[in-house]
Amino acid sequence: RAATVGHIGTILDRHLGRSVSDPYIVMRLLRQLGTSNRPVNFANLLACLRKHNLEQDVYHASIAITACRKSCAWDIALLTLVESASARVELDTITYNAAVSACEKG
């Protein structure tokens, strides 16, 4: 079952105090979501990061887009790419290649 933005937000709220001292909290959440094989979870996590004004970086975007590629979810990959760029995340070649690959598979 896909985790909703609200559910992911609740998890973030629980760990928000630690997130300042623990820069890897989002990476751990991304890894946990990765086991679900549902790219919408990644998109929802990134939306929560934006909602909570937490930093989103190229690694978060790359992990999310790669999950989309593996699941042939080209539409979510492109949405993630656009939203990451809008959030002023400095995307790299790996991220763009993952998005292109997701579109090829989709």
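Located above this text is the structure these notes cover.
Residues numbered from 1 in each chain as written. Predicted model: local features only at pLDDT ≥ 70, side-chain atom pairs only at ≥ 80, totals over all residues. Heavy atoms only, no water.

A look at the state of the cysteines
- Under the defined criterion, the tally for this structure stands at 0 disulfides.
- Of the cysteine sulfurs around Cys 68, a residue in no disulfide, the closest is that of Cys 103, at 9.9 Å.
- A relative accessible area of 0% means that Cys 68 is categorised as buried. (Disulfide = S-S within 2.5 Å. Buried < 20%, exposed > 50% of the residue type's maximum accessible area, 1.4 Å probe, protein only.)

Focus: the packing of helix H3 (residues 39–51) against helix H4 (residues 58–70)
- Running from N to C, H3 and H4 point in directions that differ by 155 degrees, and their axes come no closer than 8 Å. By the angle between their axes, H3 is roughly antiparallel relative to H4. By crossing handedness, the relation of H3 to H4 is classed as left-handed. In contact with Pro 39, Phe 42, Leu 46 and Leu 49 of H3, H4 contributes His 60, Ala 61, Ile 63, Ala 64, Ala 67 and Cys 68.
- Here the residues of the contact of H3 with H4 sort into 9 nonpolar, 1 polar and no charged. (Axes fitted to C-alpha atoms, helices over the stretch in contact; angles between N-to-C directions. Helix = DSSP H or I, 4+ residues; strand = E, 2+ residues; numbered from the N terminus. Parallel < 35°, antiparallel > 145°, perpendicular 65-115°, else oblique. Left-handed = near helix turned anticlockwise from the far one by under 90°. Contact = heavy atoms within 4.5 Å. Nonpolar A, V, L, I, M, F, W, Y, C, P; charged D, E, K, R; others polar.)

A closer look at the environment of Arg 38
- Within the fold, Arg 38 resides in the loop between helix H2 (25–34) and H3.
- Residue Arg 38 is classed as partly exposed on the basis of its relative accessible area, which comes to 37%.
- Separated by 32 residues in sequence, Arg 38 and Lys 70 have C-alpha atoms that sit 9.7 Å apart.

Some remarks on the pattern of salt bridges
- Following the criterion strictly, the structure yields 1 salt bridge and no others.
- Arg 50 serves as the salt-bridge partner of Glu 83, at 2.7 Å between the closest nitrogen and oxygen. Taken together, the positions of Glu 83 in helix H5 (residues 74–86) and Arg 50 in helix H3 put the pair 33 residues apart, joining distant regions of the chain. (Salt bridge = Lys/Arg side-chain N within 4 Å of Asp/Glu carboxyl O.)

What about the side chain of His 60?
- Within the fold, His 60 resides in helix H4.
- The class for His 60 is buried, based on a relative accessible area of 5%.
- Beyond its immediate sequence surroundings of up to four residues, His 60 is in contact with Val 26, Met 27, Leu 30, Leu 46, Leu 49 and Glu 55.

Side note on H3
- Taking 1.5 Å of rise per residue, the 13 residues of H3 would be expected to cover 18 Å, and the 19 Å separating its terminal C-alpha atoms lies within 8% of that figure.
- Regarding H3, the residues found buried are Pro 39, Asn 41, Phe 42, Ala 43, Asn 44, Leu 45, Leu 46, Cys 48 and Leu 49. (Expected span 1.5 Å × (residues − 1).)

Everything listed here is a matter of geometry and, on its own, says nothing about what the molecule does.
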